[in-house]
Every structure is written in C-alpha cells, then in structure tokens.
Amino acid sequence: MKKYLLSFALAFMSLTAFAQTGYEKIMSEKIAKIETCKTPEDFQTLANDFQRIGSKESTQWLPQYYAAFTQIQKGRVMMRTGNMQELDGIAGQAEKYLGMAQNLAGTDNAEIHLLRKMAYSLRMMVNPQQRYMTDGARAAEEMSTAEKLDPANPRIALIKAEDVYFTPEQYGGSKTKGLELFKDALAKFNAYKPKTALDPNWGKAEAEYFISLPAEKAK
C-alpha cells in the first residue's frame, strides 16, 4: 500500500512540475513578444493573451500584471502619436488587471504600484492642466509607495527619469537632469536581479537608448 501511495505522490508531483513548466514556457514566450510589439493592435493582442493565461492560472499574479503592462504600453504608443481620446479606457482596463494582480500578490508589491502610477499618468495626459491635481497627484502617490517598497528597483528609477526628461522646464523638468537619472536607472538595472525568470525585467534598453543619444538630440 505504501508503494502505491508513493507512486501516486510521485506521479502527482511529476504532473504538477509539468504543468508549471508549461505555464512558465508560455509566459516566457509571451513576455519575449513584448519587445517586438510596435502598434496598439500588437499590444492589445498580447494583453488579451496574458488575460487568457491569467484566467486559467488563477493563483498567479504575473499574467494579470503583464496584461496591465501591455495595456499601458498600448496607451503610451497612442499618446506619442497624439491620440489621447482612448487613454481613459485603456487606463481603466490596466487598472482592472492590476486589481486582480494585487489581490493575488498583496498590497506591498512595488511593481504593481509602479504600473498604477503609469496608468494614472495616462489618464492625466488626456488633459494635463485639468488633471494634474487629481490623476497627477495619484500618480505621484503610487510612485512614492513603489519607491518606499523597493528603492533599488530600476524600473522606478527609469520612470522617474522619463518624468523629469519629458516635463517642460517651466514645470520643473530638465533634459540634463533626466539623463543623469537614466544613468542612475542603468546602474540599478546592472545590479538588479529579478526574483524569478518571469518577474518584471523590462526597461533597461530604454535607459541605454536615452544615455546613447548625442548631446544635441538629448536637448
């Protein structure tokens, strides 16, 4: 009887390990695709993929996190092309996924708070003058929370650098200071180790890009 129980336990462990490997494999493949996305449609397709994975892997927070991240990236692409009309809806979708991720990961997850900051920033860009004191303040609060939870996180340093770099000087921004912050972010990327192969590890290429800009283009 003991032999049967042992065999059953080993078989169950093997099936569990196989399932985990399958989950990790598909997640790795989808995460790798983030770098190849160019259009809002590309990001939307990938967000849908992550959401479907999350609906099956209901105890895992990362699929919902990446569903939110790809939604935010979709919004950032649209923002760069001047398409602001849909940003509220995109931010709302991201916030829905982040709520699911936070229910699984807890409230002390810096990566989730950072994405919440980015979602609020998308909302603010619909009308910066009107929303600076509302969505802008919420974004700053989420950034502060993220930084307190994980001060060595390079993605937090990267988004801070972006904010300073792209904010007009009359509102406290600075290209020069932004570039210094990008260098700080890159140093943190070089020292930072994700907890697992699937944990957030995006952003280093962006820091390298801004640091590599010729001085005249960086101004």
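Structure: see above.
Residues numbered from 1 in each chain as written. Predicted model: local features only at pLDDT ≥ 70, side-chain atom pairs only at ≥ 80, totals over all residues. Heavy atoms only, no water.

Caption draft 1: Geometry of the overall build of the protein. Of regular secondary structure, the protein possesses eleven helices and zero strands. Secondary structure of the protein in N-to-C order comes out as α-α-α-α-α-α-α-α-α-α-α. Counting only residues that meet the buried cut, the protein has 42% of its 219 residues in that class. Considering only residue pairs separated by 6 or more positions, the protein has 64% of its internal contacts joining residues 24 or more positions apart. Carbon and sulfur atoms make up 56% of the accessible area of the protein, which totals about 12,700 Å². (Helix = DSSP H or I, 4+ residues; strand = E, 2+ residues; numbered from the N terminus. Buried < 20%, exposed > 50% of the residue type's maximum accessible area, 1.4 Å probe, protein only. Contact = heavy atoms within 4.5 Å. Areas by Shrake-Rupley, 256 points an atom, 1.4 Å probe, with all protein chains shown as cover.)

Caption draft 2: Helix α8 (residues 154-166), seen in detail. Relative to the 18 Å expected for 13 residues at 1.5 Å per residue, α8 spans 18 Å between its end C-alpha atoms, a close match to the ideal helical length. In terms of burial, α8 is largely enclosed, as ten of its 13 residues are buried. Those residues of α8 that fall on the buried side of the exposure criterion are P154, R155, I156, A157, L158, I159, A161, E162, V164 and Y165. Where α8 begins, the capping side chain belongs to N153, and its oxygen is found 2.8 Å from the backbone nitrogen of R155. (Expected span 1.5 Å × (residues − 1). Polar contact = N/O pair within 3.5 Å; in protein donor to acceptor, adjacent residues only side chain to side chain.)

Caption draft 3: Main features of the side chain of K30. If you trace the backbone, K30 turns up in helix α1 (residues 2-33). Here K30 is in contact with L46, D49, F50 and I53, once residues within four sequence places are set aside.

Caption draft 4: Expanded view of the packing of aromatic side chains. Under the defined criterion, the tally for this structure stands at ten aromatic pairs. Here F69 and W202 contribute two aromatic rings whose centre-to-centre distance is 4.6 Å and whose plane-to-plane angle is 25°, an arrangement assigned as stacked. Taken together, the residues span a long stretch of sequence, with F69 in helix α3 (residues 62-80) and W202 in the loop between α9 (175-191) and α10 (204-212) at a distance of 133 residues. Judged by centre distance (5.0 Å) and plane angle (65°), the ring pair of Y165 and F210 falls under edge-to-face. In this pair, Y165 is assigned in helix α8 and F210 in helix α10, connecting sequence segments 45 residues apart. With respect to class, Y165 is no different from F210; both count as buried. Ring pairing ties together the aromatic residues Y165, F166, F182, Y209 and F210, which thus form one cluster. For the cation-ring pair, R155 lies above W202, with the distance from its terminal atom to the ring centre recorded as 5.9 Å. The aromatic ring of Y165 is capped on one face by K175, whose charged end is 4.8 Å from the ring centroid. (Phe/Tyr/Trp six-rings, centres within 6.5 Å; stacked < 30°, edge-to-face > 60°. Lys NZ or Arg CZ within 6 Å of the ring centre and 35° of its normal.)

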